[in-house]
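# Summary of the model geometry
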Amino acid sequence: MAHVLVTGGAGYIGSHACKALKAAGYIPVTYDNLSTGWQDAVKFGPFERGDLLDRGRLDEVLAKYQPIAVMHFAALSQVGESMAHPDLYWRNNAAGSLCLIEAAVAAGCLNIVFSSTCATYGDHDNVVLDESTPQKPINAYGASKRAIEDMLRDFGVAHGINAVIFRYFNVAGADPDAEVGEFHRPETHLVPVILDAIEGKRPALTIFGTDYDTPDGTCIRDYVHVCDLVDAHVLGLEWLLEGKGSRVFNLGTGHGFSVREVMNEAQRVTQREVPHSEGLRRAGDCTKLVSGSTRAEAELGWRPQRSTLSRMIADAWRWHQSGHYEA
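Remember, it's a predicted structure, so these values are computed and weren't measured experimentally.

Definitions and limits used
Residues numbered from 1 in each chain as written. Predicted model: local features only at pLDDT ≥ 70, side-chain atom pairs only at ≥ 80, totals over all residues. Heavy atoms only, no water. Helix = DSSP H or I, 4+ residues; strand = E, 2+ residues; numbered from the N terminus. Expected span 1.5 Å × (residues − 1). Buried < 20%, exposed > 50% of the residue type's maximum accessible area, 1.4 Å probe, protein only. Contact = heavy atoms within 4.5 Å. 1 Å grid on protein atoms, 1.4 Å probe; cavity = no way out; pocket = protein on both sides within 12 Å on 5 of 7 lines; lining within 4 Å. Points joined across faces, edges and corners; volume = space filled by probe spheres on them. Pairing = 2+ DSSP bridges. Axes fitted to C-alpha atoms, helices over the stretch in contact; angles between N-to-C directions.

Once that is clear, we can look at helix α8 (residues 259–270). Between its first and last C-alpha, α8 extends 17 Å over 12 residues, near the 16 Å set by a 1.5 Å rise per residue. Those residues of α8 that sit buried are V259, V262, M263, E265, A266, Q267 and T270. For α8, the elements touching its buried residues are α6 (190–199), β8 (205–208), β9 (220–225), β11 (256–258), β12 (276–279) and α10 (309–322).

What follows is the structure, given as structure tokens:
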């Protein structure tokens, strides 16, 4: 069984990817500094603690496992934080990824599946986004991810790296078996914040901005179930192993939900009220981000079968009631 190095494999999406990789017949090797991830989430293969900026440690791990590919999730990802502390994002995301890419080239591991983001597109109000949409990020998080995409392109030309880049939208839900799930400290993502408010783990949900140009005044996002998302990453890995070369794919459903719609559906699924208040807009937030791409379906054969709002919230609720990790 071949090894795949999964950076950020102790995090939300990375841990689900490790489960999907194991199910597909690979051995996922988690490489994580545990700054935002959890060792308890590493259940499907070996764990190697290390930082992206530690070139010596990366070289050691790559030599030990000789992976056939890198699946790169490790990144800071909070938009608001990136606006207040861009240095963290350029150092961790961009400089760290440069170190990783250099180490991969030196080890002869030239296949990389990269977790990018729709935040690289910026704010294209009321426009569905596909892979040809101009990239004009409006926050340091999106800018750092775009920079990594540029690195992968340039290293592809110079050193033969092949990269599948996934630009995806909001991720929600959890493993239906509740083996792994979404658990951040602090929590900033909408669905778990709503569930925290329902359970009294926080006083209330704050709706950041109610004056956007949308039907109910709140931001609209395209939500993808985390298990659908990681299935695409396995398909992207197989795309590379089949020698099909570098490619960019958007991962979205093509349908957006507003903050209020998500809140209302959570009330319906859980049969509980969501305590909430209204606040000001957050710096760097876009009005509407929705995918208009069919490339992943047409070329990868990817279909987001679990990404209904009710399924995502129900799976998240199941995990939320029983799942947690210990620091």
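Glancing now at empty space enclosed by the protein. Using a probe with the size of a water molecule, rolled over the atoms, empty space left in the structure can be pinpointed. Summed over the entire model, instances satisfying the criterion amount to one cavity of 30 Å³ or more. Size it by volume and the largest cavity reaches roughly 50 Å³. Looking at the largest cavity, the residues that line it are G173, A174, E182, P192, L195, A316, W319 and H320. Breaking the lining of the largest cavity down by element, the ones donating at least two residues are α6 and α10. Broken down by element, the lining of the largest cavity gets its largest block of residues, three residues, from α10.

The next subject is the sheet that holds strand β6 (residues 162–168). Strand order across the open sheet formed by seven strands is β3-β2-β1-β4-β5-β6-β10, with parallel pairing between neighbours. A single partner strand is all that each edge strand has here, and the edge strands are β3 (47–49) and β10 (247–251). The sheet shows a mean angle of 20° between the axes of neighbouring strands, taken without regard to direction. In this sheet, β10 lies alongside β6 in parallel orientation, the contact comprising five bridges. If you follow F166 over to β10, its bridge partner there is F249. Sheet strands in contact with helix α2 (residues 55–65) are β1 (3–7), β2 (27–32) and β3, and its direction is about 160° off that of β3.

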